[in-house]
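Fold and contact review
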Amino acid sequence: MKKILLKYLRDLFVKIVNELNKKLCENSGNEEKKSEKICSVPFEKIELHCDGHIKCCCGICNDWIDFGDIYKENIAEIWNGKKFQDFRESILDGSYKYCHREMCKGVDMVLKDAENYSAIMPVLPQKMELSLDDHCNSRCVMCRDKYHDKNIGPKMAKVIDSKILPFLEHCELIDLNLAGEFFVSKTCKDFVKKAAQMYPNLNFIITTNGILCSPKELENLGILNRRIDSLVISLHAATPETHEKITRSGNTFNRIMKNIENLHYYNGKYVNANQYKNLPEGCIHNMLLVFVISSINYKEVVQMAEICLKFNIRGNIRCVRKWGWTKMHEEFDKYNVANPEHPEYMDFAKLLKNEIFDSPLVELDGILQNVRNS
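For clarity, every value in this text was computed on a predicted model and none was experimentally measured.

1. Concerning the overall build of the chain
Assigned secondary structure in the chain consists of 14 helices and 12 strands. Residue burial in the chain is summarised as follows: out of 374 residues, 52% are buried. For the chain, the accessible surface area stands at approximately 18,800 Å², while carbon and sulfur atoms represent 51% of it.

Here it is in structure tokens:
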């Protein structure tokens, strides 16, 4: 009888949630969005910024919400705290009242069945984005105008053992280091080695600019045993000259391309190549090249796609966004070549008509896809 009653209450709750989401969709004017779908992000993951503050999404959706401070609380306390509970409730009741709807526009939403999130929440998150260090060896024009404080990583290292590592038992995937360069951070590399030993089923996404990302560096992490879910390399150019304008990292383009050439043998079917015949199959599940497009580099967009096809690596080509962190964003309209009012918009749109962008290996974000279809 108890099980029947619990099932009845659960089904009733799901029905109420679906009705609320239906009203939300009607109010937003989006007739295609299914009412039984909700954004699953706050039910699955957290985001730790290198200043110690916990967010939920990419930061722009709820940048005024501080869910907690890792220097004062641990992950479990923050994940189960009142602020996180209130945020999830705003998803279930269909209000999305804490979300920055105009900034997100669904770009950062992961829609899943509402009924999967109407039961009791897991005591710990399944996914984490950890920015443990913001030091970088590049100063990409859309990211930063100066090298950041080298002391942030060592400061974070002091709380990793007590505030982060003990609370990864339910975590399946960790994405790092989104605030800086992974391979210049001792804190990040030491964390991966420890976490990999403590949790054998834990997988990793590593984001890097590729300058130091050599096969040797990856081997030293001890996770080339099918533990790398994705290796994401931010490239942003197809020639050394443009790469220098974007990254301001000196003459590093050819070095990065050499690393990509070596690393692509680790990727999927190429793992059986003679040079790496002793590596386990699929030791890197996915490799991804990311290109952020602006007026500085748009003329190389076809060449960017050609790099992806050459190495059989997936490419994600996305439009620059107004994060507001650099001088570039003070003159954002000057660089936003995807804006129909930009003087070079038509030239850019013509380049995107190239059939190379029909390849499943090359993905344009929604904004650029609209430019291509214009």
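Continuing now.
2. Notes on the side chain of S294
Inspection of the secondary structure assignment puts S294 in the loop between β10 (284-293) and α11 (301-311). With residues up to four places along the chain from it excluded, the contact list for S294 reads I246, V320, M328, Y335 and V337.

3. Considerations on unusual backbone geometry
With the exception of glycine, the majority of residues adopt a negative phi angle, and the majority of peptide bonds are in the trans configuration. A cis amide bond links L176 with the next residue in sequence, N177, at an omega value of 0°. Positionally, N177 belongs in the loop between β7 (173-176) and α7 (186-198). Phi at H236 takes a positive value of approximately 70°, unusual for a residue other than glycine. With respect to the element layout, H236 can be found in the loop between β9 (228-234) and α9 (240-247). The class of H236 is buried, set by a relative accessible area of 5%. Positive phi, normally seen in glycine, also occurs at N312, with a value near 55°. On the secondary structure map, N312 appears in the loop between α11 and β11 (314-319). Residue classification places N312 among the partly exposed residues on the basis of a relative accessible area of 27%.

4. Considering the pattern of salt bridges
Under the definition given, this model contains nine salt bridges. Note that E44 is salt-bridged to K112, the shortest N-O span being 2.9 Å. One end of the pair, E44, is in helix α2 (residues 41-44); the other, K112, is in strand β5 (residues 111-113), and 68 residues separate them in sequence. Exposure remark for K112: the relative accessible area of 28% places this residue in the partly exposed category. With a shortest N-O distance of 2.6 Å, D190 and K186 are connected by a salt bridge. Of the two residues, D190 and K186 are both situated in helix α7; the distance of four residues between them amounts to about one turn of the helix. Members of the salt-bridge network, linked through shared partners, are E44, K112 and K127.

5. Observations concerning the packing of aromatic side chains
Tallied over the entire structure, the rule returns six aromatic pairs. Geometrically, the ring pair formed by F67 and F87 is edge-to-face, given 5.6 Å between the ring centres and 80° between the ring planes. Within this pair, whereas F67 is found in the loop between β3 (53-55) and β4 (68-69), its partner F87 is found in helix α4 (residues 82-92), the two being separated by 20 residues in sequence. Plain terms: the ring middles of F182 and F183 are 4.8 Å apart, the flat faces sit at 80° to each other, and that makes the pair edge-to-face. For F183, a relative accessible area of 3% puts it in the buried group. Taken together through their ring pairs, the aromatic side chains of F67, W79, F84, F87 and Y98 make up a single cluster. In this arrangement the basic side chain of R88 is found over the ring face of W79, its NZ or CZ atom lying 4.2 Å from the centre. Of note, K155 hangs over the ring of Y71, and the distance from its end group to the ring centre comes to 4.7 Å.

Reading the values: rules and limits
- Residues numbered from 1 in each chain as written.
- Predicted model: local features only at pLDDT ≥ 70, side-chain atom pairs only at ≥ 80, totals over all residues.
- Heavy atoms only, no water.
- Helix = DSSP H or I, 4+ residues; strand = E, 2+ residues; numbered from the N terminus.
- Buried < 20%, exposed > 50% of the residue type's maximum accessible area, 1.4 Å probe, protein only.
- Areas by Shrake-Rupley, 256 points an atom, 1.4 Å probe, with all protein chains shown as cover.
- Contact = heavy atoms within 4.5 Å.
- Salt bridge = Lys/Arg side-chain N within 4 Å of Asp/Glu carboxyl O.
- Phe/Tyr/Trp six-rings, centres within 6.5 Å; stacked < 30°, edge-to-face > 60°.
- Lys NZ or Arg CZ within 6 Å of the ring centre and 35° of its normal.

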